[in-house]
Amino acid sequence: MNHDNEHPGGTHDMKTDKMNSGGLSRRLLMSLGILGVAGAVAGLGTWAQFTDSTSANHSISTGTVDVELGSSGTINRFTQDATDVAAGDTITRAVDLNLDGSLDLSNVSLTVAGGVAGLNDSTNGLNLKVEECSTAWPETGTNPYTYGACTGTRQDVLADGDILQSNSTLSLSSLSHGTRHLLFTWTLPSGAAQPAQGGLTGAYTYTFAAAQRAGTNR
Amino acid sequence: MTWFTTGARGRLALSAGVVALAAALAGLSTWATFTDSTQGTHSIATGTVDIDVGTAGTADNRLDVAVGAMAPGDSAERALTLHNSSTLALSGIAVSTSASTSSLLDTDSTNGLRMAIDRCSVAWTETPLANGGYSYACSGTTSTVLAERALAMSAQPLTNVDLAPGGGIVRLRIRTRLPTSAGNAFQGLATSFDMSFTATQRNATNR
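Residues numbered from 1 in each chain as written. Chains lettered and ligands numbered in written order. Predicted model: local features only at pLDDT ≥ 70, side-chain atom pairs only at ≥ 80, totals over all residues. Heavy atoms only, no water.

**A few points about the overall build of chain B**
What counts is decided by this rule: What counts as a helix is a DSSP run of H or I of at least four residues, what counts as a strand is a run of E of at least two, and both are numbered from the N terminus. Think of it in three bands: residues with accessible area under 20% of the maximum for their type are buried, residues over 50% are exposed, and the middle band is partly exposed, with areas taken using a 1.4 Å probe on protein chains only. We call two residues in contact when some of their heavy atoms are within 4.5 Å.
Across its full length, chain B holds 2 helices and 11 strands. Starting at the N terminus and walking to the C terminus, you meet the elements of chain B as α-β-β-β-β-α-β-β-β-β-β-β-β. Taking all 207 residues of chain B together, the buried fraction comes to 36%. Taking the contacts inside chain B whose residues are at least 6 apart along the sequence as the reference set, 78% of them involve residues at least 24 apart.

So, in structure tokens, the structure goes:
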């Protein structure tokens, strides 16, 4: 506050250096005026109190939940459709499930929707199972692809069951950041009642949903 | 302005001369008279308001330990000691936050970060966590210093703090929490903020 009040006076002094002209009286008047202003400002500033502040900085960032399928090729054979499937056939496709988020997960689930009534039939329709291998599944051939035995550790991720699934938990080897090598196997039962399953095309949507780990103290 | 002419200045100069003459005469008047004088001494000292946070990087101030990869439902506890060395009693201590890196975490007052402050009558028992954070337990008495509220705040008064002169040490535990209502829009965000504590003197009184 003081500094601000002094400033106009200083500026004024620099401007007028003629001592023996009207400058002196003008300076006097100006000074009076400035004193008046200072008095008024001081009058306004009567809330002054002794205070002191101290501070500390803190940073917080949130993590991410991100689940992705392999882009294409050997890490995503979902893009290869299966055609002319006959009763008793088996279809296999490998796909990588990438857990890309920074947060560990509490759950990854699979929902399979779509298809057609005949193929969705829980007795005679398609069955699905999902396995995981700790290393990439050894792939041979071109469409149709076949896969050798897992050379690492194999485990069942989704037990053999109906193709339609609703938020079925996948029993993955780990819910932490990283890649899970999955192998999907579909079978059309050999006992399928042929007329009902013949000439059908089912388009299915596979949705993988990931949920964060439970809250904790950090 | 025009009334203030050269004549007035002349009068001013003349008055100055008269005053100078009077002073000179007074200097000459060394004739003795009965006099007496007495004196007392009086000194006035102002008090101080002085408040400081503990040294960062010690158990007195863990706010320098950032919280990374927080998820909804997570909470983080950090200790912070306030040293009050004021010689004056205080009317209050208030806390404000100011975000230098801002995001929904500090701008969303419903689903963003929540903060609560407790104090312990004795030093907090600190337990380091495997994830780099800390948890705290109080073997004395805990009391609420700031009820949980949104992170962004301005001059919120602290409760249950000692305002007496030289109020000593206030051991705070600052707890931030991301509500489970924070949705996907809160993924991958960061906020960095200053917590400022301002102490204000007691009300003026007759001394």
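**Let's talk about the overall build of chain A**
A count of helices and strands for chain A gives 4 helices and 11 strands. Counting every position in chain A, which comprises 218 residues, the buried fraction comes to 33%. Restricting the contact set of chain A to residue pairs at least 6 apart, pairs at least 24 apart contribute 77%.

**Considering the interface of chain B and chain A**
Accessible area lost upon the coming together of the parts is a frequently used measure of interface size. Which entries qualify depends on this criterion: Joining two parts hides part of their accessible area as seen by a 1.4 Å probe, and the buried area is that hidden amount summed over both. The term salt bridge refers to a side-chain nitrogen of Lys or Arg lying within 4 Å of a carboxyl oxygen of Asp or Glu. We define a polar contact as two N or O atoms separated by no more than 3.5 Å, with the added condition that, inside protein, one atom must be a possible hydrogen donor and the other a possible acceptor, whereas residues neighbouring each other in sequence contribute only through side-chain atom pairs. Side-chain classes are defined by residue name, with Ala, Val, Leu, Ile, Met, Phe, Trp, Tyr, Cys and Pro counting as nonpolar, Asp, Glu, Lys and Arg as charged, and the others, Gly among them, as polar. Strands are labelled as partners when DSSP assigns at least two bridges between them.
Across the boundary between the two partners, chain B contributes 57 residues, which contact 31 residues of chain A. Roughly 3,700 Å² of surface becomes buried between chain B and chain A when both sides are summed, with 50% attributable to carbon and sulfur atoms. Counting the contacts that link chain B with chain A gives 2 salt bridges. As a salt-bridge pair, R213 of chain A and D74 of chain B come within 2.6 Å of each other at their nearest N and O atoms. At the surface where chain B touches chain A, the tally comes to 33 residue pairs in polar contact (both at pLDDT 80 or more). At the level of elements, β1 (51-53), β2 (67-70), β3 (75-84), β7 (134-137) and β11 (190-201) of chain B are the ones that each hand at least two residues to the side of chain B that touches chain A. If one sorts the elements of the side of chain B that touches chain A by residue count, β11 of chain B sits on top with 12 residues. The residue inventory of the side of chain B that touches chain A, partitioned by class, reads 29 nonpolar, 19 polar and 9 charged. Pairing geometry for strand β1 (residues 51-62) of chain A and β11 of chain B, over 11 bridges, is antiparallel. What sits directly across from T51 of chain A, in β11 of chain B, is T200 of chain B.

**Focus on the sheet that holds strand β5 (residues 127-133) of chain A**
Residue and element names in this part refer to chain A. Threshold: The convention used is that axes are lines fitted to C-alpha atoms, helices contributing only their stretch in contact, and that angles between N-to-C directions extend from 0 to 180 degrees.
Taken together, the 5 strands give an open sheet; going across it, the order is β2-β3-β10-β5-β8, and neighbouring strands pair in antiparallel fashion. Edge positions in the open sheet fall to β2 (67-69) and β8 (154-162), since each of these has one partner strand only. For this sheet the average axis-to-axis angle between neighbouring strands, irrespective of direction, equals 25°.

**As for the nonpolar core**
Note the threshold: Residues enter a nonpolar core if they are buried and are Ala, Val, Leu, Ile, Met, Phe, Trp, Tyr or Cys, with the set joined through side-chain atoms within 4.5 Å.
Counting residues in hydrophobic clusters, the biggest one holds 36 residues, and the most contacted among them are L82, I93, M115, I117, L158, M195 and F197 of chain B. Dropping the residues within four chain positions of it, I117 of chain B is found in contact with S143, T144, V145, L146, L172, R173, I174 and M195 of chain B. The next biggest cluster of nonpolar side chains, apart from the first, holds 25 residues, and it includes L105, L119, L170 and Y204 of chain A.

**Some words on the sheet that holds strand β4 (residues 90-101) of chain B**
Ordered in space as β2(B)-β1(A)-β11(B)-β4(B)-β9(B), the 5 strands form an open sheet in which the pairing is mixed. A strand with exactly one partner marks an edge of an open sheet, and here the two such strands are β2 and β9 (156-157) of chain B. In this sheet, β2 of chain B lies alongside β1 of chain A in parallel orientation, the contact comprising 2 bridges. The residue bridging T62 of chain A from the neighbouring strand is M70 of chain B, located in β2 of chain B.

**Side note on the state of the cysteines**
Residues and elements named next belong to chain B. The following threshold applies: Note that a disulfide, as used here, is simply two cysteine sulfur atoms within 2.5 Å.
Counting across every chain of the model gives 2 disulfides over all chains. A sulfur-sulfur distance of 1.9 Å marks the disulfide that ties C120 to C138. Its torsion about the S-S bond being 75°, the disulfide of C120 and C138 is classed as right-handed. Here C120, found in strand β5 (residues 114-120), pairs with C138, found in the loop between β7 and β8 (142-150); they are 18 residues apart in sequence, far enough to count as distant. Of the residues examined, C120 reaches a relative accessible area of 0% and is grouped as buried. You can call C138 partly exposed: its relative accessible area is 22%.

**Side note on the packing of aromatic side chains**
Rule in force here: Centre distance within 6.5 Å is the pairing criterion for rings of Phe, Tyr and Trp, where only the six-membered ring of Trp is used; planes under 30 degrees apart are then read as stacked, over 60 as edge-to-face, and the remainder as tilted.
The full count for this structure, using the stated rule, is 8 aromatic pairs over all chains. Linked through ring pairs, F78, F184, W186, Y206 and F208 of chain A together constitute an aromatic cluster.

**Things to note about unusual backbone geometry**
We note that N167 of chain A has phi near 50°; this positive angle belongs to a residue other than glycine. Unusually for a residue other than glycine, N160 of chain B sits at a positive phi of about 60°. With respect to the helices and strands, the residue N160 of chain B is situated in the loop between β9 and β10 (168-177).

**Focus on the layout of surface pockets**
Residue and element names in this part refer to chain A. Just so we agree on the cut-off: Here a cavity denotes a set of grid points, spaced 1 Å apart and computed over the protein atoms alone, in which a 1.4 Å probe fits but from which it cannot get out, and a pocket denotes an open set meeting protein on both sides within 12 Å along at least five of seven lines; residues with an atom within 4 Å of a point are reported as lining. Grid points are joined across faces, edges and corners, and a volume is the space filled by probe spheres set on the points.
When its volume is computed, the largest pocket comes out at roughly 690 Å³. Along its surface, the largest pocket is lined by 27 residues, and A82, V85, I91, G202 and Y204 are the ones closest to its centre. Of all elements in the fold, only β3 (90-99), α4 (194-197) and β11 (204-212) reach the threshold of two or more residues within the lining of the largest pocket. A class-by-class count of the residues in the lining of the largest pocket yields 15 nonpolar, 8 polar and 4 charged. Estimated volume of the second largest pocket: approximately 360 Å³. The class makeup of the residues in the lining of the second largest pocket is 5 nonpolar, 6 polar and 2 charged.

**Considering the confidence of the model for chain A**
Residues and elements named next belong to chain A. The condition that has to hold: Note: pLDDT gives the predictor's confidence per residue, expressed from 0 to 100.
On average, chain A scores 83 in pLDDT, and the residues at 70 or more come to 76%. Scored below 50 in pLDDT, residues 1-22 makes 17 contacts in the model with residues more than four places away or belonging to other chains. Contacts for the low-pLDDT stretch residues 36-43, under 50 throughout, to residues beyond four places or in other chains number 3 contacts.

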